[in-house]
There are 4 protein chains.
Amino acid sequence: MSDTLSPEKRDQILQGASRVFAADGYEGASMARIAQEAGVSKGTLYNYFDGKAALFSTYVAEVCQRNLAHVFDRADHDGDPAAVLREIGRRMLTMVLSDAGLTMYRMVIAEAAKFPILARAFFEAGPARAIDFLSRWLEEETRRGRLAVDDPSFAAEQFFNLCQTHLVLRRKLEMLADPSEAEIERVVDAAVRVFLRSYGVKAFT
Amino acid sequence: MSDTLSPEKRDQILQGASRVFAADGYEGASMARIAQEAGVSKGTLYNYFDGKAALFSTYVAEVCQRNLAHVFDRADHDGDPAAVLREIGRRMLTMVLSDAGLTMYRMVIAEAAKFPILARAFFEAGPARAIDFLSRWLEEETRRGRLAVDDPSFAAEQFFNLCQTHLVLRRKLEMLADPSEAEIERVVDAAVRVFLRSYGVKAFT
Amino acid sequence: MSDTLSPEKRDQILQGASRVFAADGYEGASMARIAQEAGVSKGTLYNYFDGKAALFSTYVAEVCQRNLAHVFDRADHDGDPAAVLREIGRRMLTMVLSDAGLTMYRMVIAEAAKFPILARAFFEAGPARAIDFLSRWLEEETRRGRLAVDDPSFAAEQFFNLCQTHLVLRRKLEMLADPSEAEIERVVDAAVRVFLRSYGVKAFT
Amino acid sequence: MSDTLSPEKRDQILQGASRVFAADGYEGASMARIAQEAGVSKGTLYNYFDGKAALFSTYVAEVCQRNLAHVFDRADHDGDPAAVLREIGRRMLTMVLSDAGLTMYRMVIAEAAKFPILARAFFEAGPARAIDFLSRWLEEETRRGRLAVDDPSFAAEQFFNLCQTHLVLRRKLEMLADPSEAEIERVVDAAVRVFLRSYGVKAFT
DNA sequence: AATGAATGAGTTTTCATTCAT
DNA sequence: CATGAATGAAAACTCATTCAT
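J.: Would you mind showing me how to read the overall build of chain A here?
T.: Secondary structure summary: chain A contains 10 helices and zero strands in total. Seen in sequence order, chain A has helices and strands lined up from the N terminus as α-α-α-α-α-α-α-α-α-α. Taking the principal axes of its C-alpha atoms as reference, chain A extends roughly 65 × 40 × 30 Å. Looking at the 205 residues of chain A, the share that counts as buried comes to 49%. Contacts spanning at least 24 positions in sequence make up 70% of the contacts within chain A whose residues lie at least 6 apart. On chain A, roughly 9700 Å² of surface is accessible, and the fraction owed to carbon and sulfur atoms is 49%. Where the 26 positive side-chain charges of chain A centre and where its 29 negative ones centre are 3 Å apart.

J.: I'm lost on the relation of the copies chain A and chain B in this one. Help?
T.: Two copies of the chain are present, and they differ by a rotation about an axis and a shift along that axis. Between chain A and chain B, which share one sequence, the superposing operator has a rotation angle of 177° and an axial displacement of 0.2 Å; the RMSD is 0.7 Å. Put plainly, the chains are arranged around a two-fold axis. Ranked by how close their C-alpha atoms come to the rotation axis, the residues of chain A are headed by A:Ala110, at 2.4 Å. An overlap of 100% is found between the interface residues of chain A and their copies at the interface of chain B, pointing to a shared contact surface.

J.: Which parts of the structure should I look at to understand the interface of chain A and chain B?
T.: Much of the literature gives interface size as the accessible area that the parts lose upon coming together. Contact with chain A, which involves 38 residues of that partner, is made by 39 residues of chain B. Surface buried jointly by chain A and chain B totals about 3500 Å² across both partners, of which 66% is contributed by carbon and sulfur atoms. Of all residues in chain A, A:Ile109, A:Phe154 and A:Leu173 bury the most surface against chain B, accounting for 17% of the area lost on that side. Among the secondary structure elements, those contributing two or more residues to the side of chain A that touches chain B are α6 (99–110), α7 (116–143), α8 (152–163), α9 (167–172) and α10 (181–199) of chain A. Looking at the side of chain A that touches chain B, the element that brings in the most residues is α10(A), giving nine residues.

J.: I tried to follow the arrangement of the chains on my own but got confused; where do I start?
T.: Across the gap from chain A to chain C, with no contact made, the nearest C-alpha atoms are 32 Å apart. Across all C-alpha pairs, the smallest distance from chain A to chain D is 11 Å, and the two are not in contact.

J.: For this particular structure, what's the right way to read the interface of chain D and chain C?
T.: The interface is formed by 39 residues belonging to chain D together with 38 residues belonging to chain C. Taken together, the two surfaces of chain D and chain C that pack against each other cover about 3500 Å², and 66% of this comes from carbon and sulfur. Looking only at chain D, the three residues that lose the most surface to chain C are D:Ile109, D:Phe154 and D:Leu173, adding up to 17% of its buried area. If you look at where chain D meets chain C, you find four salt bridges. Here D:Asp151 makes a salt bridge to C:Arg186, at a shortest N to O gap of 3.8 Å. Inspection of the chain D/chain C interface yields eight residue pairs in polar contact (both at pLDDT 80 or more). Breaking the side of chain D that touches chain C down by element, the ones donating at least two residues are α1 (7–28), α6 (99–110), α7 (116–125), α9 (152–163), α10 (167–172) and α11 (181–199) of chain D. Among the elements that take part in the side of chain D that touches chain C, α11(D) stands out by supplying nine residues, more than any other. Split into classes, the residues belonging to the side of chain D that touches chain C amount to 21 nonpolar, seven polar and 11 charged.

J.: Explain the packing of α6(D) against α7(D) here, please?
T.: A pair of packed helices can be characterised by two numbers: the angle between their axes and the separation between those axes. Residue and element names in this part refer to chain D. Two elements in contact, α6 and α7, have axes separated by 9 Å at closest approach and are oriented at 145°. For the crossing formed where α6 meets α7, the hand is left-handed. Residue-level contacts link Met 104, Tyr 105 and Val 108 of α6 to Leu 118, Ala 119 and Phe 122 of α7. Each residue belonging to the contact of α6 with α7 can be placed in one class, and the counts come to six nonpolar, no polar and no charged.

J.: So what exactly am I meant to see when it comes to empty space enclosed by the protein here?
T.: Residues and elements named next belong to chain C. Scanning the model with the defined rule gives one cavity of 30 Å³ or more in all. What lines the largest cavity is Leu 14, Gln 15, Ser 18, Tyr 59, Glu 62, Val 63 and Arg 66. Of all the secondary structure elements, the ones that give two or more residues to the lining of the largest cavity are α1 (7–28) and α4 (52–68). Per element, the largest residue contribution to the lining of the largest cavity is four residues, and it comes from α4. Tallied by class, the residues present in the lining of the largest cavity amount to three nonpolar, two polar and two charged.

J.: Looking at this model, I keep getting lost on the relation of the copies chain D and chain C. Mind explaining?
T.: Here chain D sits on chain C after a turn of 177° about the axis and a move of 0.2 Å along it, with an RMSD of 0.8 Å. When you check the interface residues of chain D against chain C, 97% turn up at the interface there too, and the contact is symmetric in its surfaces.

J.: When you look at the state of the cysteines in this model, what are you seeing that I'm missing?
T.: Throughout this description, disulfide means a covalent bond between two cysteine sulfur atoms. Applying the stated criterion across every chain yields a total of zero disulfides over all chains. For C:Cys163, which is in no disulfide, the shortest distance to another cysteine sulfur is to D:Cys163 and amounts to 16 Å.

J.: What is the right way to read a positive patch on the surface from this model?
T.: On the surface, A:Arg197, A:Lys202, B:Arg197 and B:Lys202 cluster together into a positively charged patch. Using a relative accessible area of 79% as the deciding quantity, one classes A:Lys202 as exposed.

J.: Explain the domain arrangement of chain A to me, please; I cannot follow it from the model alone.
T.: Residue and element names in this part refer to chain A. Each domain of chain A was delimited in the assignment, giving domain 1 (2–49) and domain 2 (69–204). For domain 1 versus domain 2, the distance between C-alpha centres works out to 33 Å. Each partner contributes to the interface: domain 1 provides five residues, whereas domain 2 provides five residues. For the pair domain 1 and domain 2, the summed buried area comes to about 390 Å², and 66% of that belongs to carbon and sulfur atoms. Interface area lost by domain 1 to domain 2 is led by Ala 22, Tyr 26 and Glu 27, which between them contribute 83%. Scanning the region where domain 1 abuts domain 2 turns up one salt bridge. Remark: the boundary between domain 1 and domain 2 carries one residue pair in polar contact (both at pLDDT 80 or more).

Reading guide: rules and limits
Residues numbered from 1 in each chain as written. Chains lettered and ligands numbered in written order. Predicted model: local features only at pLDDT ≥ 70, side-chain atom pairs only at ≥ 80, totals over all residues. Heavy atoms only, no water. Helix = DSSP H or I, 4+ residues; strand = E, 2+ residues; numbered from the N terminus. Buried < 20%, exposed > 50% of the residue type's maximum accessible area, 1.4 Å probe, protein only. Contact = heavy atoms within 4.5 Å. Areas by Shrake-Rupley, 256 points an atom, 1.4 Å probe, with all protein chains shown as cover. Lys, Arg positive; Asp, Glu negative; His and termini not counted. Charge placed at Lys NZ, Arg CZ, Asp CG, Glu CD. Least-squares fit on C-alpha atoms with pLDDT ≥ 70 in both. Buried area = accessible area lost by both parts, 1.4 Å probe. Salt bridge = Lys/Arg side-chain N within 4 Å of Asp/Glu carboxyl O. Polar contact = N/O pair within 3.5 Å; in protein donor to acceptor, adjacent residues only side chain to side chain. Nonpolar A, V, L, I, M, F, W, Y, C, P; charged D, E, K, R; others polar. Axes fitted to C-alpha atoms, helices over the stretch in contact; angles between N-to-C directions. Left-handed = near helix turned anticlockwise from the far one by under 90°. 1 Å grid on protein atoms, 1.4 Å probe; cavity = no way out; pocket = protein on both sides within 12 Å on 5 of 7 lines; lining within 4 Å. Points joined across faces, edges and corners; volume = space filled by probe spheres on them. Disulfide = S-S within 2.5 Å. Patch = residues over 30% accessible without salt bridge, like charges linked within 9 Å, V, L, I, M, F, W, Y side chains within 5 Å. Domains from an automatic or database assignment.

This is the structure in structure tokens:
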């Protein structure tokens, strides 16, 4: 059945869906508009996907894979721990505050009750990946005696939460435009300071 | 004109709207279903409210007033600062994780682009109130020499973010049922520890 | 039953209905708006009239009686026949072109299929009265040898139709604002000229 | 986009719309009833037309084109002027008194305030065409010395107004069924007589 | 007799989905 | 396999009418 479906057309449809879902949300998006945006007929949509819900699920999964992966990929254990933490916090915060990140978050939150599987997929592809990365880095730094973290996974989550202070909720509530680099750095610096007071080792702070 | 509309029926409608909005979100809710759930006719809905958007706005405002007010009202400067912080964190977290809090958050986030005024109203009625309360308490404690907080408002936000570690995002993504008291306390205790390492005064820690 | 209904309130309602029907037409008018405009409750409307249709019928009848009567009341057999005709044509045309006349015509025409009785009532109260008046005047003038009209009623209708040349249809189709006195007189003068070429007597032309 | 919509179905819809609009007027017609009458679904209506207003506009335009065009197309300058005028008057009056003409007139008048563009389109397609045709004929006859018309356009309008005596208003007000040929001829003959008394040339009368 | 809250059938319009071509 | 016309079940909202107070 799916032997004759071309992957190019599948991508083409997902590109269109991407634009429309991002602009209008799940409920607001119409299959007609997605078809138009993708340059295919409405019927073709149903040849490649089982319906609107399935198309949305695939879209969220793909965007998560594409955008959220490879952001936390290289572990640096040579430089100053504080500098590394600042870089990690800055990357995470920048993505969370970006239009793409914001839109995706909103949609997933809005439809979490309806699409719990999708919500989990989002978590695994994004936050879980970041936590896992930072967690492993903290563990290794602790092993090397440069940090003193007892529960690395929990501490990683604490750090990311600290980084979201002030800016993130306000941005989600449309009370803030995309913040400047300087604003982001100010918040991240404060987060790193608080974090290291608890988990730092004297010699390195 | 609307003076003579019975407040009981108004409440009855808001009760129904409450159930339907909570279950289906703003877009997903239908006026027909709200009418049915409230036990009134569709026409009556429009006698009491100007339309779906107005009904939603009123519902959000009322729930904010009802649920979020009077949670942070008494400032305690006698006991142990750590104990006070634990109590504050526990209250905030309990509310954020409750069904009502969760539902409200989801809807406001989902519709923030469409109803920015409402999003701000939510912020003022909820998070802003909490931040303001804690901020003042931190200031007073600092004045009394029991804490050392330079930027009380920012520190307050950091504390609330720390308290949301682990549980809140997972709950928003339907990956967690309503957590137990013990789980909440474990997270809050950790938050208080980290917070006081940065902002505490030796004699009191 | 109608013993206790006050004529003042009835008039009050008709005043309100008058404004709303004139502004919005029959279909466009809402009973709620009429009640508001009349300063009574919706219920009261139904105490005085059997429903929207009945209210509309009464309104049309009353307006016809009030506005169209007493326009052609005095018969002048002393002056120049041409001058008298000009005056009659001018009066008729002015009324037909007025906002009130136009509105009434539009409504009656629009609803003639639905309210044929009302259409007839309009005809009797307006056009028929005018035709009757002119017809009798033509008859008397013919008796006095100042005109030569064989079928006075038909000739009267011909005269009124001639007077409506150019202006009336365009006004009905919203292609013309309320015309000036000069424009009206130019058309009426032409009508009188054509009319007297057929029905005039040499000595008086 | 709309290239592939079948013209047959479009016609089918317009046929249905035609029946419903004619019976109920613009406001009175419902899209549901039009769909039913046309034998299509409500959705299909919106595939072919942008909405009720657009459907109505198209309907009026098509009927005007279909019914009013090609009625006054051949100019005859050989026969008796009186005979030619009688033929022109008869044709015009027959159309104005027909069910199609009557219905169209009623609707256009009723909605002229809401659709002034449509009212003008009706005027151009119908009355204007007739006036133009007769006007040119009168001019040519005058040039040939068979008539003496100074203002051909105005005289043409006078003639058409004279032809509408007695029958037209009564028919519009539902006080008359479709009149017989004999009645029409009686009125037209009288109109021609009056017209030629003013604009005729002795030798030809 | 007056009120106006309540009703519910009605309105236009949208849209996910199907299926003949 | 791709198409897009057709569908029909919703949606939000209106309004003439009724009836308890």
